[in-house]
Amino acid sequence: MQETKITEKDFEKIAEEHALTPLIQKSPDLFDGQTCQTSQTSQTGPREPIFFALSPAQKAGYSGVAILTKTKPRSIELGLGIEKFDSEGRTIIADFEKFILVNTYMPNGGPELARIPYKLEYCDALLSRLEKFRKKQKKIIICGDMNVAHQEIDIKNAKANENNAGFTAKERAWFTKFLSHGYVDTFRHLHPDARDAYSWWSYRFNARLKNIGWRIDYFVTTKETLPHIKDASIQASQHGADHC
């Protein structure tokens, strides 16, 4: 496991390098990232340490997830304990005193949809792990790039993308199954009619400028956790990547 503490100064440097300063200035208690393509970490400093954990992919420059938090979790698990998924750095599970935080970067189905079986296998493995936590009466928050726009309202051009990865019937059906187990898409729960609310845009064709996007990044909770959720929003003004 690769973990350390970084200082507030180091945190600010990372934020500046990745155009995250406006977001970090809000001083979040937790920050979760996907596509964290680095194996480098800072060293422990003397002032205001922030706990950092990284689950990198074995392949350089590929996937990877990370968390930064002001409160050190009771425990951290890097992955699901399944090598073919963990080698791609897709999961961090952080056990805090009052809840479990799962940061996930679900696989992309691929341009020829060749990786959809792998993706769905990963999704089922993750759901199985979540259900084990629920049996222990754990409150759970799942966040990350889930690489699927669940409903037509979550994508700009639904009909044109029906056969594209991230909006295939199989992927959307899995997400429906996921929610049917007692999980809640917090944004859609709180904003059921919100349109043109996207979290990812292609770099091509000025898609972001035209707001031709997809909502594929989520905060999902168990129904038991939902009373503790005050709001869920998309920071669309946050730039620095194709996601916000």
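Residues numbered from 1 in each chain as written. Predicted model: local features only at pLDDT ≥ 70, side-chain atom pairs only at ≥ 80, totals over all residues. Heavy atoms only, no water.

Another aspect to go through is the overall build of the chain. Along the backbone of the chain there are six helices and twelve strands. Across the 244 residues of the chain, 47% fall into the buried class. Expressed as a percentage of contacts within the chain between residues at least 6 apart in sequence, the contacts between residues at least 24 apart total 71%. Surface exposure of the chain reaches about 13100 Å², of which carbon and sulfur atoms provide 51%. (Helix = DSSP H or I, 4+ residues; strand = E, 2+ residues; numbered from the N terminus. Buried < 20%, exposed > 50% of the residue type's maximum accessible area, 1.4 Å probe, protein only. Contact = heavy atoms within 4.5 Å. Areas by Shrake-Rupley, 256 points an atom, 1.4 Å probe, with all protein chains shown as cover.)

Once that is clear, we can look at the confidence of the model for the chain. For the chain, the average pLDDT comes to 85, and 81% of its residues sit at 70 or higher. Every residue in residues 40–47 scores below 50 in pLDDT, and together they form 19 contacts with partners more than four places removed in sequence or on other chains. (pLDDT = per-residue confidence, 0-100.)

One open sheet accounts for six strands, arranged β5-β6-β7-β8-β12-β9; its pairing is mixed. Since the sheet does not close on itself, it has two edges, and those belong to β5 (75–78) and β9 (183–185), each with one partner. When the angles between neighbouring strand axes are averaged without regard to direction, this sheet yields 20°. Across five bridges, strand β6 (residues 91–95) lies against strand β7 (residues 100–105) in antiparallel orientation. Considered in β7, the bridge of Thr91 is made with Thr104. Contacts between helix α4 (residues 116–135) and the sheet are confined to β5, β6, β7, β8 (140–145), β9 and β12 (217–222), with β7 contributing the most and set at about 180° to the helix. (Pairing = 2+ DSSP bridges. Axes fitted to C-alpha atoms, helices over the stretch in contact; angles between N-to-C directions.)

Space inside the second largest pocket adds up to approximately 190 Å³. Taken together, 17 residues form the lining of the second largest pocket, with Tyr62, Arg90, Tyr105, Asn108 and Arg115 sitting closest to its centre. (1 Å grid on protein atoms, 1.4 Å probe; cavity = no way out; pocket = protein on both sides within 12 Å on 5 of 7 lines; lining within 4 Å. Points joined across faces, edges and corners; volume = space filled by probe spheres on them.)

For Asp196, which is not glycine, the phi dihedral falls at a positive 55°. For Asp196, the position within the fold is in the loop between α6 (186–190) and β10 (200–201). Take Asp196: its relative accessible area is 40%, and that puts it in the partly exposed class. Of note in the backbone geometry, Asn206 takes a positive phi value of approximately 55° without being a glycine. Tracing the backbone shows Asn206 in the loop between β10 and β11 (213–214).

This part covers the packing of aromatic side chains. Taken as a whole, this structure holds eight aromatic pairs when the rule is applied. Through successive ring pairs, a cluster of aromatic residues spans Trp174, Phe175, Phe178, Tyr183 and Tyr218. The cationic tip of Arg90 hangs over the ring face of Tyr105; the distance from NZ or CZ to the ring centre is 5.0 Å. The cationic tip of Arg134 hangs over the ring face of Tyr183; the distance from NZ or CZ to the ring centre is 4.8 Å. (Phe/Tyr/Trp six-rings, centres within 6.5 Å; stacked < 30°, edge-to-face > 60°. Lys NZ or Arg CZ within 6 Å of the ring centre and 35° of its normal.)

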